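Close look at the chain arrangement
What follows is each chain in one-letter form.
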Amino acid sequence: MAKRNNLKRLIKKLPPGYAVGRILVNGATEETTLFVNEKDGLAYFNVDGQVGAYEAKKISGMVFGAAEAAEEEEEE
């Protein structure tokens, strides 16, 4: 539980427009582009030009930076 609290605190500190390539929600990977903001327990991310809202407490991981860059690192 402490890990999720740490991640939730991290989300609250992210500046709008911060590059987030992926998030892990309930064990599934969700592609994102940018963090938009967090309010009232919801975290908002840019997803293919639209805004996706996720329950912050259900986010268990984040990959920072552009998704393409993260994919290139995995291939190496």
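Criteria and cut-off values
Residues numbered from 1 in each chain as written. Predicted model: local features only at pLDDT ≥ 70, side-chain atom pairs only at ≥ 80, totals over all residues. Heavy atoms only, no water. Helix = DSSP H or I, 4+ residues; strand = E, 2+ residues; numbered from the N terminus. Contact = heavy atoms within 4.5 Å. Salt bridge = Lys/Arg side-chain N within 4 Å of Asp/Glu carboxyl O. Buried < 20%, exposed > 50% of the residue type's maximum accessible area, 1.4 Å probe, protein only.

Moving on: the environment of V47. The topology assignment puts V47 in strand β4 (residues 42–47). It is 6.9 Å that separates the C-alpha atoms of V47 and E31, two residues lying 16 residues apart in sequence. Those residues in contact with V47 that lie beyond four places of it in its chain are E31, T32, G52 and Y54.

Close approach of charged atoms allows side chains of opposite charge to pair. Tallied over the full model, the rule gives three salt bridges. When the shortest N-O distance is used, the salt bridge between R22 and E31 registers 3.2 Å. Look at R22 and you get buried, because its relative accessible area is 11%. Taking the relative accessible area as the measure of exposure, E31 reaches 39% and is therefore partly exposed.

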